[in-house]
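Fold and geometry: a report
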Amino acid sequence: MAAASKNKMKGSQGQFPLTQNVTVVEGGTAILTCRVDQNDNTSLQWSNPAQQTLYFDDKKALRDNRIELVRASWHELSISVSDVSLSDEGQYTCSLFTMPVKTSKAYLTVLGVPEKPQISGFSSPVMEGDLMQLTCKTSGSKPAADIRWFKNDKEIKDVKYLKEEDANRKTFTVSSTLDFRVDRSDDGVAVICRVDHESLNATPQVAMQVLEIHYTPSVKIIPSTPFPQEGQPLILTCESKGKPLPEPVLWTKDGGELPDPDRMVVSGRELNILFLNKTDNGTYRCEATNTIGQSSAEYVLIVHDVPNTLLPTTIIPSLTTATVTTTVAITTSPTTSATTTSVRDPNALAGQTGPDHALIGGIVAVVVFVTLCSIFLLGRYLARHKGTYLTNEAKGAEDAPDADTAIINAEGSQVNAEEKKEYFI
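An account of the accompanying structure is given in this report.

Scoring rules and cut-offs
- Residues numbered from 1 in each chain as written.
- Predicted model: local features only at pLDDT ≥ 70, side-chain atom pairs only at ≥ 80, totals over all residues.
- Heavy atoms only, no water.
- Core = buried A, V, L, I, M, F, W, Y, C linked by side-chain atoms within 4.5 Å.
- Buried < 20%, exposed > 50% of the residue type's maximum accessible area, 1.4 Å probe, protein only.
- Contact = heavy atoms within 4.5 Å.
- Helix = DSSP H or I, 4+ residues; strand = E, 2+ residues; numbered from the N terminus.
- Polar contact = N/O pair within 3.5 Å; in protein donor to acceptor, adjacent residues only side chain to side chain.
- Pairing = 2+ DSSP bridges.
- Phe/Tyr/Trp six-rings, centres within 6.5 Å; stacked < 30°, edge-to-face > 60°.
- Lys NZ or Arg CZ within 6 Å of the ring centre and 35° of its normal.
- Patch = residues over 30% accessible without salt bridge, like charges linked within 9 Å, V, L, I, M, F, W, Y side chains within 5 Å.
- Areas by Shrake-Rupley, 256 points an atom, 1.4 Å probe, with all protein chains shown as cover.
- Salt bridge = Lys/Arg side-chain N within 4 Å of Asp/Glu carboxyl O.
- Disulfide = S-S within 2.5 Å.

Here we come to the nonpolar core. Leu 44, Trp 46, Ile 79 and Leu 108 are the most contacted members of the largest nonpolar core, which totals 22 residues. Not counting residues within four places of it along the chain, the set of residues in contact with Leu 108 comprises Val 22, Val 24, Ala 30, Asp 88, Glu 89, Gly 90 and Tyr 92. Among the nonpolar cores identified, the runner-up in size contains 19 residues, and Leu 236, Val 249, Trp 251 and Tyr 299 belong to it.

Position of Ser 199 among the secondary structure elements: in the loop between β17 (190–196) and β18 (205–210). A relative accessible area of 6% places Ser 199 in the buried class. A distance of 2.7 Å separates a polar atom in the side chain of Ser 199 from a polar atom in the side chain of His 197. Once residues within four sequence positions are removed from consideration, Ser 199 is found in contact with Val 25, Leu 111, Gly 112, Val 113 and Pro 114.

Of all six residues making up strand β7 (residues 76–81), six are buried, and the element is well covered by its neighbours. Judged by which residues are buried, β7 turns out to be covered on both faces: Glu 76, Ser 78 and Ser 80 on one side and Leu 77, Ile 79 and Val 81 on the other are all buried. Here strand β2 (residues 30–35) runs beside β7; their pairing, made up of six bridges, is antiparallel. Looking at the pairing, Ala 30 lines up with Val 81 of β7. Two elements, strand β6 (residues 67–72) and β7, share five bridges in a ladder whose sense is antiparallel. Within the sheet, the bridge partner assigned to Ile 67 lies in β7 and is Val 81. Taking the residues that link successive antiparallel strands as the turn, the β6-β7 hairpin has three residues.

Topologically, Ser 47 is positioned in strand β3 (residues 44–47). Take Ser 47: its relative accessible area is 3%, and that puts it in the buried class. Ignoring sequence-local partners within four residues, the contact set of Ser 47 consists of Gln 52, Thr 53, Leu 54, Tyr 92 and Thr 93.

Right, let's talk about the packing of aromatic side chains for a bit. Within the structure shown, the criterion is met by one aromatic pair. Across the ring face of Phe 172, the terminal group of Lys 163 is positioned such that the distance to the ring centre comes to 5.3 Å.

Residues Ile 360, Val 364, Val 368 and Leu 372 make up a contiguous nonpolar surface patch of roughly 340 Å² in combined accessible area. Its place among the elements puts Val 368 in helix α2 (residues 357–394). Judged by relative accessible area, which is 43%, Val 368 ranks as partly exposed.

Here the focus is the state of the cysteines. The term disulfide refers to a covalent linkage connecting the sulfur atoms of a pair of cysteines. Taken as a whole and assessed by the stated rule, the structure comprises three disulfides. One disulfide bridge connects Cys 136 with Cys 193, the sulfur atoms lying 1.7 Å from each other. Between Cys 136 and Cys 193, the S-S torsion sits near -70°, and that sign places the bridge as left-handed. One end of the pair, Cys 136, is in strand β12 (residues 131–141); the other, Cys 193, is in strand β17, and 57 residues separate them in sequence. What makes Cys 193 buried here is its relative accessible area of 0%. For the protein chain, numbering the cysteines in disulfides from first to last along the sequence yields the connectivity 1-2, 3-4, 5-6.

Structural data, given as structure tokens:
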């Protein structure tokens, strides 16, 4: 017996219980396991933080329906605690009844799950330009939860954070406050408060608040065509945005009522002018009003003439090889009903205006040609008359007192005189 007792004590020197800390979410189930690598039939026991025995080997010692045996052997004693509460948190002890008794501690941590967050401070509607203060709060977290704000999927960093201990002195209530000034772009935007906590298994809890912002209308006039022409229809659409939505819109022309209701038909936000004419020129105004305010837009209408087809080409013949072509087209301008534009000589300088140089050149050529012909004929006539005069003057009349005597005394005259003289003799 003494030898057996000695062997038992020697064997017990290598025995030691092994445990691990456990973390469980409130309401979950915790598994407490105690293992012994070498055990010579020595009993194992689990006890709670109050040092109450829960299980001794496979025998249940505490009447608590939440505590169950998972596995019992000479090498392991495992028990489960279901529906864990915050009061179950603490240090549990596994004992190996050797001589002396050997123990191992396992700490059970119970996580307090934060309640679903709530957003407060929003009163609908909010006017554009107002300062909004939203508060997100959640309770029951252990440890304290983290709160983050998002707007348009973008996190907002500049927020206030507050942590308070709950009445049970184990969990916390945390709150966060977001301050910002709203504008019309915030209308319909979802502001999200997100609560992150290790008990949520990477699935955060969120609260969302959709903003409703009231603002004055914004107005824009859109024409159906960018180049309105006489005789064609025109639709002016008054695009108005506001909250509340302005309905209906008011159309005016040059500060007064529409002058021709039969031809200018208003349908909802559209002004339909059936057939445009020059009397429709003017400033059209669209005015939209809601409970917040009023806004307007203006459109200056200029009715353009319908372009005519090109007139036939006129060709002016001349004595030269140049051909002059004049093309006349009817165009329109914003200030006059029509403007005549001539197609000029392509060799003319760009941007130069004035008469057609080809036409002027043709006329000058004709005048020069006629002048040259006249000078030529006159020259020939004068040359012949002067030659005859010089010939008669040169023939034997040097001593004549005048031209008539010279002609009489000319050789020809003398010959004729002599012939006549001889004839009569």
